[in-house]
Amino acid sequence: MAEPTKRESRAGAGEGDASGRAAGRGGVEEDGKAGWVGGRVFAGVSLLVVCAGTVGGVILMLTGGLGGAGAGGGAGSAGATGGAAGTGIAAGATVDAILNSFLALQRESRMSEAEAVLKAGVEQYGSEQRILVAYAEFLAIQRRHEESYAMFERALAAGPRTAIVEFNAGTVASILKRPDRAAEHYAAAQAADPTDYRFPLFLAQVQLNGGVPGQGVDAARANLALAARLNPESAVVWGTLADVALRDNATGTALQHIARARELEPEHWLWRLIESRAHKRERAPEKGLELLAGLREEDRFRPEIVREMAECLGLLGRGEEAAELYAEASDRRPDSGPLAFDAAVWNERVKRPSQAIRFAQRAANLGVEGAEALVKRLTGSEGGGAAGDGAGSGGEGIK
């Protein structure tokens, strides 16, 4: 089983905001290998699906290797009673033959035919878990998550209720924003296999995001401590522990945890972001700014990094530099509505009306809420109201 991966979206959430705004795919895997949000195929090809979690107010896409289907033998290897017209599956085809046919079609990107083979397999072997899991995973690849989750539930009902199938079902439930169901599946996976650190880690992320009755930060903290014991080499575990410490305003503890995450992944932008926030809490924004300024260019202009750097600059009385930073970031990423909106706010703040109008119009064209009203106010076409110094798409604001 592959290690879980970590993907960060272009989230627009501010520090401590557990909801965030997911957009884009991001992505560096926890083990440093490239990956993508997709689905498991057979014969050893890895399946990854997304579980949304939040660290430092930035959406993490924790991805776990889905498994449990495979093309090996088992109860489903017996012959079917009849073939399926139009699928190329002969009457009496075994489960293995169906799965291998599906794999061959998927490798050739013949997805509609591949699905037809799986659908026929489900009709022939309705109680064979491998077929049901295979179809659930295929649907996850296609981002048909409602259908995927229903198929995972059917697979679990068929049995056995293995840890990995429970885990996969929980991950899809999390995508569907059903945290109570996700928590149930992750807890079941953890009970079935108490040695896999991913299960308490993913359960903790769901608990941190809220929506699980009776399971909040305290429960998440306990699960993260367990995950750290099971795998002390997981940067995600230490990064999430640092975020929890920041929620508790325990900046010293947060800095200890994030130092461990950075030791494991020295260049990862998210760990630097969390450390910067901890320094800012300790009234040392210059340390946070220096930390973020050393990022690679492609990471330095992420919306959440730009927001943090701007806040540090604002705290240091360097508002014009913050406005210039936002202007450059928005021009580099003109498709980002949050960047455009914040660029407008910051340029208005430092009395650069033409720049403020330009970015406000860009944000309005991208459909950002409140941007049209900002354009009207900046151009004088609507009286009253004020943008407010704390305006923007997220962040802590200037203290």
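Residues numbered from 1 in each chain as written. Predicted model: local features only at pLDDT ≥ 70, side-chain atom pairs only at ≥ 80, totals over all residues. Heavy atoms only, no water.

A.B. asks: If you had to explain helix H5 (residues 163-175) to someone new, which residues and values would you point to?
C.D. replies: Look at H5: 19 Å from first C-alpha to last across 13 residues, which is about the 18 Å you get at 1.5 Å a residue. Burial of H5 is extensive: 12 of the 13 residues sit out of reach of the surface. Lys-177 lies just past H5 and shows a positive phi near 60°. (Helix = DSSP H or I, 4+ residues; strand = E, 2+ residues; numbered from the N terminus. Expected span 1.5 Å × (residues − 1). Buried < 20%, exposed > 50% of the residue type's maximum accessible area, 1.4 Å probe, protein only.)

A.B. asks: Explain the packing of aromatic side chains to me, and be specific about the residues and the numbers.
C.D. replies: Within the structure shown, the criterion is met by 5 aromatic pairs. Plain terms: the ring middles of Phe-102 and Phe-138 are 5.8 Å apart, the flat faces sit at 80° to each other, and that makes the pair edge-to-face. You can see Phe-102 sitting in helix H1 (residues 95-107) and its partner Phe-138 sitting in helix H3 (residues 129-141), a full 36 residues away along the chain. Of the residues examined, Phe-102 reaches a relative accessible area of 0% and is grouped as buried. Summarising the aromatic geometry, the rings of Phe-167 and Phe-202 are spaced 4.9 Å apart at their centres and angled 70° between planes, so their arrangement reads as edge-to-face. Remark: Phe-202 occurs in helix H7 (residues 198-208) and Phe-167 occurs in helix H5; sequence separation between them is 35 residues. Residue class for Phe-167 comes out buried when judged on its relative accessible area of 0%. The exposure class of Phe-202 is buried, given its relative accessible area of 0%. Across the ring face of Phe-301, the terminal group of Arg-332 is positioned such that the distance to the ring centre comes to 4.3 Å. Sitting above the plane of the Trp-346 ring, Arg-349 keeps its charged end 4.1 Å from the centroid. (Phe/Tyr/Trp six-rings, centres within 6.5 Å; stacked < 30°, edge-to-face > 60°. Lys NZ or Arg CZ within 6 Å of the ring centre and 35° of its normal.)

A.B. asks: I'd like a rundown of the confidence of the model for the chain, residues and numbers included.
C.D. replies: Predicted coordinates in regions of low pLDDT should not be interpreted in detail. Looking at the chain, the pLDDT average stands at 79 and 72% of residues meet or exceed 70. In the model, residues 1-54 has pLDDT below 50 throughout and makes 198 contacts with residues more than four positions away in sequence or in other chains. Across residues 383-399 the pLDDT falls below 50, and counting only partners more than four positions away or on other chains, this stretch makes 39 contacts in the model. (pLDDT = per-residue confidence, 0-100. Contact = heavy atoms within 4.5 Å.)

A.B. asks: Go over the packing of helix H9 (residues 235-247) against helix H10 (residues 251-264), please, and point to the residues and values.
C.D. replies: The geometry of H9 relative to H10 is characterised by a closest axis approach of 8 Å and an angle of 165° between their N-to-C directions. The angle between the axes of H9 and H10 places the two elements in the roughly antiparallel class. In this structure, H9 meets H10 at a crossing whose hand is left-handed. Between H9 and H10, the residues in contact are Ala-235, Trp-238, Gly-239, Leu-241, Ala-242, Ala-245 and Leu-246 and Thr-251, Thr-253, Ala-254, His-257, Ile-258, Arg-260, Ala-261 and Leu-264, respectively. When grouped by side-chain class, the residues that make up the contact of H9 with H10 number 10 nonpolar, 4 polar and 1 charged. (Axes fitted to C-alpha atoms, helices over the stretch in contact; angles between N-to-C directions. Parallel < 35°, antiparallel > 145°, perpendicular 65-115°, else oblique. Left-handed = near helix turned anticlockwise from the far one by under 90°. Nonpolar A, V, L, I, M, F, W, Y, C, P; charged D, E, K, R; others polar.)

A.B. asks: Summarise the packing of helix H8 (residues 217-230) against H9; cite the residues concerned and give the values.
C.D. replies: With their axes 10 Å apart at the nearest point, H8 and H9 run at an angle of 150° to one another. The angle between H8 and H9 falls in the class roughly antiparallel. The two elements H8 and H9 meet at a crossing, and its hand is left-handed. Between H8 and H9, the residues in contact are Val-217, Arg-221, Leu-224, Ala-227 and Ala-228 and Val-237, Trp-238, Thr-240, Leu-241, Val-244 and Arg-247, respectively. Here the contact of H8 with H9 is composed, by residue class, of 8 nonpolar, 1 polar and 2 charged.

A.B. asks: I'd like to hear about the environment of Asn-347, residue by residue, with values.
C.D. replies: Here Asn-347 lies in helix H16 (residues 337-349). Note on Asn-347: relative accessible area 0%, which makes it buried. Note: C-alpha distance between Asn-347 and Ala-322 (25 residues apart in sequence) is 8.6 Å. Not counting residues up to four positions away in its chain, the partners in contact with Asn-347 are Ala-323, Ala-327, Arg-352, Gln-355, Ala-356 and Phe-359.

A.B. asks: Would you mind going over the environment of Leu-201 in detail, with residue names and values included?
C.D. replies: Its place among the elements puts Leu-201 in helix H7. Judged by its relative accessible area of 1%, Leu-201 falls in the buried class. Here the alpha-carbon distance between Leu-201 and Tyr-186, two residues 15 residues apart in the chain, equals 9.2 Å. With residues near it in sequence (within four places) discarded, Leu-201 still touches Leu-224, Ala-227, Val-236 and Val-237.

A.B. asks: Go over the pattern of salt bridges, please, and point to the residues and values.
C.D. replies: Inspection of every chain in the model, using the stated rule, returns 33 salt bridges. For the salt bridge of Arg-178 with Glu-146, the shortest nitrogen-to-oxygen distance reads 2.6 Å. Taken together, the residues Arg-178 in the loop between H5 and helix H6 (179-192) and Glu-146 in helix H4 (residues 145-158) connect sequence positions 32 residues apart. With a relative accessible area of 48%, Glu-146 lands in the partly exposed category. Between Arg-260 and Glu-263 there is a salt bridge, and its shortest N-O distance comes to 3.3 Å. Placement of both Arg-260 and Glu-263 in helix H10 is noted, with a separation of 3 residues, approximately one turn of the helix. Salt bridges sharing common partners tie together Arg-277, Lys-280, Glu-308 and Glu-311. (Salt bridge = Lys/Arg side-chain N within 4 Å of Asp/Glu carboxyl O.)

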